[in-house]
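Summary of the model geometry
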Amino acid sequence: MKLWVDERERGRFLPWFLEKESSGLVTVEDRDYISLPTDFLRELDEGTVLVTDADGLEHKLVKAPSLDRLLSEKDEGGLPEAYYLFNGRMYLRQTPDAAYFLRFFYYGKSTVLADNDSEATHWGAEAASALVFGSAAIFAGTVLQNMKLRDSLAAFESRALDNLLAANEARIHSGSSLLIED
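For the structure given in this document, a descriptive report is provided here. (Residues numbered from 1 in each chain as written. Predicted model: local features only at pLDDT ≥ 70, side-chain atom pairs only at ≥ 80, totals over all residues. Heavy atoms only, no water.)

**Quick word on the sheet that holds strand β8 (residues 82–86)**
For the record, the criterion: Should DSSP find at least two bridges between two strands, the strands are taken to pair. Numbered from the N terminus, helices here are DSSP runs of H or I no shorter than four residues, and strands are runs of E no shorter than two.
Spatial strand order, β3-β9-β8-β7: four strands in an open sheet with mixed pairing. Strands at the two margins of the open sheet, each flanked by one partner only, are β3 (33–35) and β7 (62–63). Bridge count between β3 and strand β9 (residues 89–93): three bridges; the pairing is antiparallel. The partner of Y33 across the bridge, within β9, is Y91.

**Section: the pairing of β9**
Condition: Burial classes: relative accessible area under 20% of the type maximum marks a residue as buried, over 50% as exposed, and values in between as partly exposed (1.4 Å probe, protein chains only).
Here β9 lies mainly inside the structure; four of its five residues are buried. Pairing of β8 with β9 involves five bridges; the strand directions are antiparallel. When the bridges of β9 are listed, F86 appears paired with R89. In sequence, β8 turns back onto β9 through a hairpin of two residues, with N87 there showing a positive phi of about 50 degrees.

**What to know about the environment of L14**
For clarity, the cut-off: Residue contacts follow a heavy-atom distance rule, with two residues in contact if any of their heavy atoms lie within 4.5 Å.
Inspection of the secondary structure puts L14 in the loop between α1 (2–9) and β1 (19–21). Residues L14 and T52 lie 38 residues apart in sequence; the distance between their C-alpha atoms is 28 Å. Apart from residues no more than four positions distant in its own chain, L14 is found in contact with R8, E9, L41, R42, Y107 and N168.

**Quick look at a nonpolar patch on the surface**
Defined as follows: Only residues whose relative accessible area exceeds 30% and that form no salt bridge enter a patch; like-charged residues are grouped when within 9 Å of one another, and nonpolar side chains (Val, Leu, Ile, Met, Phe, Trp, Tyr) when within 5 Å. Using a 1.4 Å probe, accessible areas were evaluated by the Shrake-Rupley method; residue-level cover was limited to the displayed protein chains. When a carboxyl oxygen of Asp or Glu is within 4 Å of a side-chain nitrogen of Lys or Arg, the pair counts as a salt bridge.
Together, F139, V143, L144 and L149 make up an exposed nonpolar region whose accessible area comes to about 360 Å². Tracing the backbone through its elements, the reader meets L144 in the loop between α4 (128–142) and α5 (147–173). Residue L144 is classed as partly exposed on the basis of its relative accessible area, which comes to 46%.

See the structure below:
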């Protein structure tokens, strides 16, 4: 099951239940980066990073188009205004001149599936059918060497993943107002 989850979390589609908000991210004075959370998979599509100034006001950071572009910006130090993610770090410009709190929204790795009677979380709670059929298909194809069974289970997994994708899209668009102009 862990193999199946790991493969899905490296894929193109990540569902809503992997969305997270960072906690405890604080810049260090005169250091132009912070480490990303250890469970970081990738940034949310919106790329929202907020920094809190000395007055307690939050400001949205702009994502730089490249690390080279960010690092070539003039840097006089101060409240960060831009960022770029690279190699497990969030690089910042301006280099912080004090400790500032950051809020960062991202997709995070799910918790490890427990082999006991504890309550299922993440994939086990939200996508149990896909997880079970997909894991069984892997087992059937590798351990049992039964390709007919593997293909049958993979078809069930595919339908369950389609349902998960539909549920994810529904969450994105539910309650949205569409603006239609002439």
